[in-house]
Amino acid sequence: MELTTLTYAADGGIARAVLNRLAQLNAISPALLEDLDRICEAVEKDRAVRVVTLTAAGRAFCAGADLKAVEELVLDAKRWSGFMRLWHRVFNRVEALPVPVIAGVHGLALAGGLELVLVADLVVMDATARLGDQHTNFGLIAGGGGSQRLPRLIGARRAKELMLLGGWVDAEQALAWGLVNRVVAAGGVAAAVEELARELARKSGGASRTAKRLVAQGLALRLAAGLELELRLAGEHMRSAAATEGLRA
């Protein structure tokens, strides 16, 4: 697999994807989206993978959309629509990966970078990092899924505060709001993500896949339908070889 904006390696049940556009603070370009799409395909085909880590090289996790690409595409409605549909398709694919995705955030995750954080299952954040959506500060609006995922995660009032005021959220506030799962000491994100990934890789891949599917699909259903989904999927899992082994243990 040939990649130009990310690096990728998989072993021991862990797939490690690293954003690698250092000079652009890992800004999201069409090429980065295409590379991320290729990584998703690799993960989907590799049944040995039990968890994916998504981290970044350089000074920041992701500074948002690549403004050069935006300026080039935005005036052509057809090309702009193609870019944004690619963005949505790839982010949806990351979110829908059958195994847990752990994002490790350092530096900043701004605008589109925040939207990338939102499609991960678990998020580890450096104590000195910041999350933000500054679109409205420049007369812009989130278009990479943030306007829909953010309120579903932290509630409408908090989402509107972040979107309308265009402010920053520090690690302490991000943890309190439920934007992230864990905050670690400065410089400790890589080690913490690796430790969490190894812990998940030791667990049942089938159980992790089913749990992720139940939460993702259940949120779109009424409670009664969600409970029926649980009965069906949990029943199927309990008849699997992994569950049989677990019961014996």
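Scroll up a little and you will see the structure.
In this report, the structure presented in the accompanying data block is examined. (Residues numbered from 1 in each chain as written. Predicted model: local features only at pLDDT ≥ 70, side-chain atom pairs only at ≥ 80, totals over all residues. Heavy atoms only, no water.)

**Some words on the pattern of salt bridges**
- Tallied over the full model, the rule gives 13 salt bridges.
- Arginine 93 is the salt-bridge partner of glutamate 44, the closest N and O atoms lying 2.7 Å from each other. Highlighted residues: glutamate 44 in helix α1 (residues 30-45) and arginine 93 in helix α3 (residues 77-95), separated in sequence by 49 residues.
- Judged by its relative accessible area of 35%, glutamate 44 is partly exposed.
- Judged by its relative accessible area of 21%, arginine 93 falls in the partly exposed class.
- Salt bridges sharing common partners tie together Asp11, Arg16, Glu194 and Arg198. (Salt bridge = Lys/Arg side-chain N within 4 Å of Asp/Glu carboxyl O. Helix = DSSP H or I, 4+ residues; strand = E, 2+ residues; numbered from the N terminus. Buried < 20%, exposed > 50% of the residue type's maximum accessible area, 1.4 Å probe, protein only.)

**Things to note about the packing of aromatic side chains**
- In this structure the tally under the stated criterion is three aromatic pairs.
- Three or more aromatic residues joined by ring pairs form one cluster here, namely Trp80, Phe83, Trp87 and Phe91.
- The ring centre of tryptophan 168 lies 4.1 Å from the NZ or CZ of arginine 130, which sits over that ring. (Phe/Tyr/Trp six-rings, centres within 6.5 Å; stacked < 30°, edge-to-face > 60°. Lys NZ or Arg CZ within 6 Å of the ring centre and 35° of its normal.)

**Regarding the sheet that holds strand β9 (residues 182-184)**
- Reading across the sheet, the six strands line up as β1-β2-β3-β4-β6-β9 and stay open at both edges, with mixed pairing between neighbours. Taken across any chain shown, the strands that pair with only one partner, and hence form the sheet edges, are β1 (6-11) and β9. Across the sheet, the axes of successive neighbouring strands diverge by a mean angle of 20 degrees, strand direction being ignored.
- Where strand β3 (residues 51-56) meets strand β4 (residues 101-105), three bridges bridge the pair, whose relative direction is parallel. Pairing of leucine 54 across the sheet is with alanine 103, part of β4.
- Lying on the sheet, α1 is in contact with β1, β2 (14-19) and β3; it crosses β1 at an angle near 10 degrees. (Pairing = 2+ DSSP bridges. Axes fitted to C-alpha atoms, helices over the stretch in contact; angles between N-to-C directions. Contact = heavy atoms within 4.5 Å.)

**Focus: the nonpolar core**
- Core analysis: the largest hydrophobic core is formed by 52 residues, its most contacted members being Leu19, Phe61, Val105, Leu131 and Leu179.
- If you tally residues by element for this core, the top one is α3, at seven residues.
- Of all hydrophobic cores here, the second largest spans 12 residues; its members include Val193, Leu196, Ala197 and Ala201. (Core = buried A, V, L, I, M, F, W, Y, C linked by side-chain atoms within 4.5 Å.)

**Regarding the packing of α1 against α3**
- Look at α1 against α3: their axes get within 9 Å of each other, and the N-to-C directions meet at 30 degrees. Classified by the interaxial angle, the pair formed by α1 and α3 is roughly parallel. Here α1 runs over α3; the crossing is left-handed. For the pair α1 and α3, the contacting residues are Pro30, Leu33, Glu34, Leu36, Asp37, Cys40, Glu41 and Glu44 in the first and Phe83, Leu86, Trp87, Arg89, Val90, Phe91, Arg93 and Val94 in the second.
- Here the residues of the contact of α1 with α3 are counted per class, giving 10 nonpolar, no polar and six charged. (Parallel < 35°, antiparallel > 145°, perpendicular 65-115°, else oblique. Left-handed = near helix turned anticlockwise from the far one by under 90°. Nonpolar A, V, L, I, M, F, W, Y, C, P; charged D, E, K, R; others polar.)

**Focus on unusual backbone geometry**
- Even without a glycine there, the phi angle at leucine 25 is positive, about 55 degrees.
- Note that leucine 25 resides in the loop between β2 and α1.
- The phi torsion at alanine 111 lies on the positive side, around 55 degrees, for a residue other than glycine.
- Following the sequence through the fold, alanine 111 ends up in the loop between β5 (108-110) and α4 (112-118).

By themselves, these observations are geometric and do not establish any function.
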